[in-house]
Amino acid sequence: MNVPEFIQGFDPIVWAIPYFTISVFMEMWITKRGQRGRFETRDSFASLAMGVGNNVSSLVFTGILMVWYFFVYEHRLVTLDFSWWVWVLAFILYDFMYYWSHRLAHTVRWFWADHVVHHSSQHYNLTTALRQPWLSPFTLKFMWLGSILIITGFHPVMLAIVGSFNLIYQFWIHTETIDKCPAWFEKLMNTPSHHRVHHGTNPLYLDRNYAGVFIVWDKMFGTFQLERDDEKPRYGIIKNLGTHNPLIIATHEWFAIIDDIRKAKTLRDAAMYLLAPPGWSPDGTRMTSKQILSRWRERNKSTINEEGAELPGSPAE
Amino acid sequence: MEIAIKLLISIFGVSAMVLTCHFFKLSRPSSISDLDEAKRLLDQDSVGFQSGASVLSRDRAVALIEQVSGDSIGLLAAMGDGVVIRYLTPGSVKATRMGENSDLTIQLRDFTFRPVSIKFDDNSAARTWADKLNRMQESQA
C-alpha cells in the first residue's frame, strides 16, 4: 500500500507546537488575572523538561518502533486503504485501544512505572499535559498498542497520524481554566472536567475516566465518574514527589520496583510487585486504589448513620 | 541539523514559558497554617489517620504528627505551593541531625524526598522528637 503524497513527512505534533505554546501563555495570563488556574515555576519547569525529554526519547526510539510496525504490517490480515472512512475508523479504534492501554497503565505497576510521570505534578495546567515519560518503549506496550490495528490492516503511517491527533486533542483538557463544556459535549467527549477527575487523588476519583478523546468508553466499561462540586480534585499521586528533579521524576517508580523485587521473599511476590496494581504489597501495609476507596466509603457510611447525610460517592450519573 | 533546530526551538520555548511564569509571579509559596490544618491534611491523605502528639515548625514549613498508636509519624513538608506527606515507620528515617537554634534536620531513606529542617521552640522539644524519629531508623524486619 503506497502512502499518499499529502501525508508523507506530515507530523501533526510539529504543526501543533504554536498551539501548545500560545495556549500555555494564555492560561498563564488568565491565572495572572486571578480568574482560575494554578502554576508553580519549578513545577512548570519540571513538566516542560519532561516534555523535551520525551521528544528526545521519541527521536531515539521512533526508528526502532517503525521497523517493528512495518514488520507487523507485512503480516496484516487484510489491506485497508487511505479512504476517508478508514481514517475515521482508525481514529475511533485507536481511541478505543488507547482507553485499554491507559487503563492498564493505571492497574499494572509495570506500565504505571512509566505513566506515573504524567501524574506526578500536584498542579493541573497545560504544562502538566506536556509532562511525559522518557522510557515508554521499555514497557513494550508498542508491541500491542497500535500493533493490533496494524495487523488488522491499518497502515502504520495512518496510525502514527491519528495517534498524534489523539495526543493533540488531549492537550487542551489539562486545565482548570475551563469549567464545563456544553452538556452534549460533556456527554460524548473527554473534557477538562472529566480529565480533572482522572488526575485527582481523592479516593472517589482514583482510577476513573481513562478516556483519551471519547468519554463514552468509560461509560461503557464502568469507569466513569462525574466531577462533583463538593469534591474538588487534589492532583498528583498517592505518594507525591518531594522533588522537581526531572531525572528522579522519570525513573523513581522503576527504582521503587527494583527495590521491592530485591526485597521480595518469594518469586510470586516479585512477580506481583511487577504486575499487580500500584500499592500492592504482600503484607498489606500499602494500599491499592481499590482499598483506599473501600476504606473511604466505609468511613463515609458511618457519617451517614450519625448525621443522616447523603452518601458521598454514590454512583455517577 | 533539523533535529538540532527542533531541540533549540524547544529549549527556547520552555525558557520563555518558565520565565513568563516567574515574572507573572504565579508561584505562591505554601506554608502549613496550623496543626489543625496539618491534621486535616493527614486525615484526608490517609483516610482515618488518628493524630496524636504533634508539632509545627516555627517557619510553618514542616509538621510532625504521631499516630495515636505510635506506629508511624506523619511528616508534612511545604513544597512549592503545596504540601508533600510521608508516613515514617521503622526503617524509613536515614538520619537526624540537631542544629543550632533548636533545629532538627530529617533525612529519609527516600530519594524522592529531600532532607527537611524543622525549627522547634526549644531544645527539649527538639530532643524529644529526635528520639521519636531515631526510633524510626531501624527496620523491624
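Keep in mind that what you see is a predicted model, and the values were worked out from it rather than measured.

> Looking at this structure, I do not really get the sheet that holds strand 2 (residues 62–67) of chain B. What am I missing?
Whenever strands of a sheet pair, they do so through backbone hydrogen bonds, lying parallel or antiparallel. All names here are of chain B. Across the sheet, which stays open at both edges, the four strands sit in the order 1-2-3-4 with antiparallel pairing between neighbours. At either end of the open sheet lies a strand with only one pairing partner, and these are strand 1 (51–56) and strand 4 (82–88). For this sheet, the mean inter-axis angle between neighbouring strands, taken without regard to orientation, is 20 degrees. In this structure, strand 3 (residues 73–79) lies alongside strand 4, joined through seven bridges in antiparallel fashion. The partner of Ala 78 across the bridge, within strand 4, is Val 83.

> Sorry, what's going on with the sheet that holds strand 6 (residues 103–108) of chain B here?
Residue and element names in this part refer to chain B. Taken in spatial order, the three strands make up an open sheet running 5-6-7, and their pairing is antiparallel. In the strand order of this sheet, the two ends are held by strand 5 (93–98) and strand 7 (116–119), each with one partner. Averaged over all pairs of adjacent strands, the angle between strand axes in this sheet comes to 20 degrees, irrespective of strand direction. Inspection of the sheet shows strand 5 paired to strand 6 by five bridges, in the antiparallel sense. Opposite Arg 97, over in strand 6, you have Thr 105 as the bridge partner. Relative to the sheet, helix 3 (residues 123–134) contacts strand 5 and strand 6, its axis offset from that of strand 5 by approximately 165 degrees.

> Where do I start with helix 1 (residues 2–23) of chain B in this structure?
Count 3.6 residues to each turn of an α-helix, and residues three or four apart come out pointing the same way. The end-to-end C-alpha distance of helix 1 of chain B is 31 Å, a good match for the 32 Å that 22 residues give at a rise of 1.5 Å each. Along helix 1 of chain B, the positions that sit buried rather than exposed are Gly13(B), Val14(B), Met17(B), Val18(B), Thr20(B) and Cys21(B). On an axial view of helix 1 of chain B, the arc spanned by its buried residues comes to 160 degrees, and they lie on one face. Along helix 1 of chain B, the residues that are exposed and aim more than 90 degrees away from the buried face are Leu8(B), Phe12(B) and Phe23(B). On its buried face, helix 1 of chain B is in contact with helix 1 (12–32) and helix 2 (41–74) of chain A. Phi for Lys25(B), located one or two positions after helix 1 of chain B, is positive at around 55 degrees.

> When you look at the packing of aromatic side chains in this model, what are you seeing that I'm missing?
The way to describe two aromatic rings as a pair is by their centre distance and the angle between their planes. Considering all chains together, one arrives at 24 aromatic pairs over all chains under this definition. Aromatic pair Phe82(A) and Trp87(A): ring centres 6.1 Å apart, planes at 50 degrees, arrangement tilted. Residue classification places Phe82(A) among the buried positions, given a relative accessible area of 14%. An aromatic cluster is built from Phe96(A), Tyr99(A), Trp100(A), Tyr210(A), Trp217(A) and Phe221(A), whose rings are joined through pairwise contacts. Taking NZ or CZ as reference, Arg76(A) lies 4.0 Å from the ring centre of Tyr73(A), over its face. The lysine or arginine in question, Lys132(B), covers the ring of Trp129(B), its NZ or CZ lying 5.0 Å from the ring centre.

> Is there a simple way to explain the pairing of strand 7 of chain B in this structure?
The side chains of a regular strand alternate between both faces of the sheet. Residue and element names in this part refer to chain B. Here strand 7 shows a clear split, with Val 116 and Ile 118 buried on one side and none of Ser 117 and Lys 119 buried on the other. In terms of strand pairing, strand 6 meets strand 7 through four bridges, oriented antiparallel. Bridge pairing in strand 7 places Ile 106 opposite Val 116.

> What exactly am I supposed to notice about the nonpolar core here?
For soluble globular proteins, the rule of thumb is that nonpolar side chains tend to be buried together. Residues and elements named next belong to chain A. Of all hydrophobic cores here, the largest spans 23 residues; its most connected members are Trp 87, Phe 154, Met 158 and Leu 159. At the level of secondary structure, the elements contributing two or more residues to this core comprise helix 2, helix 3 (84–107), helix 6 (147–152) and helix 7 (156–171). In terms of residues, this core owes the most to one element, helix 3, which gives six residues. Ignoring any residue separated from it by four or fewer positions in sequence, one finds Met 158 in contact with Asp 81, Phe 82, Val 86, Trp 87 and Ala 90.

> Looking at this structure, I do not really get the confidence of the model for chain A. What am I missing?
Interpretation of this model should avoid reading the predicted coordinates in detail wherever pLDDT is low. On average, residues of chain A score 91 in pLDDT, and 95% of them reach the 70 mark or higher. Counting contacts from residues 304–317 of chain A, a segment whose pLDDT is below 50, to residues more than four positions away or on other chains yields 20 contacts.

> Mind showing me how you'd approach the interface of chain A and chain B here?
Interfaces are often sized by the accessible area lost when the parts come together. On the side of chain B, 30 residues touch chain A, which itself brings 37 residues to the contact. Between chain A and chain B, the buried area comes to about 3200 Å², and carbon and sulfur atoms account for 66% of it. Area buried by chain A at its contact with chain B is led by Thr41(A), Gly242(A) and Arg299(A), which between them contribute 16% of it. Our count for the chain A to chain B interface comes out at three salt bridges. On inspection of chain A and its partner chain B, the count reaches eight residue pairs in polar contact (both at pLDDT 80 or more). Taken together, the elements giving at least two residues each to the side of chain A that touches chain B come down to helix 1, helix 2, helix 11 (246–263) and helix 13 (289–307) of chain A. With nine residues, the single largest contributor to the side of chain A that touches chain B is helix 2 of chain A.

Each value, and the rule that gives it
- Residues numbered from 1 in each chain as written.
- Chains lettered and ligands numbered in written order.
- Predicted model: local features only at pLDDT ≥ 70, side-chain atom pairs only at ≥ 80, totals over all residues.
- Heavy atoms only, no water.
- Pairing = 2+ DSSP bridges.
- Helix = DSSP H or I, 4+ residues; strand = E, 2+ residues; numbered from the N terminus.
- Axes fitted to C-alpha atoms, helices over the stretch in contact; angles between N-to-C directions.
- Contact = heavy atoms within 4.5 Å.
- Expected span 1.5 Å × (residues − 1).
- Buried < 20%, exposed > 50% of the residue type's maximum accessible area, 1.4 Å probe, protein only.
- Arc of directions from axis to C-beta.
- Phe/Tyr/Trp six-rings, centres within 6.5 Å; stacked < 30°, edge-to-face > 60°.
- Lys NZ or Arg CZ within 6 Å of the ring centre and 35° of its normal.
- Core = buried A, V, L, I, M, F, W, Y, C linked by side-chain atoms within 4.5 Å.
- pLDDT = per-residue confidence, 0-100.
- Buried area = accessible area lost by both parts, 1.4 Å probe.
- Salt bridge = Lys/Arg side-chain N within 4 Å of Asp/Glu carboxyl O.
- Polar contact = N/O pair within 3.5 Å; in protein donor to acceptor, adjacent residues only side chain to side chain.

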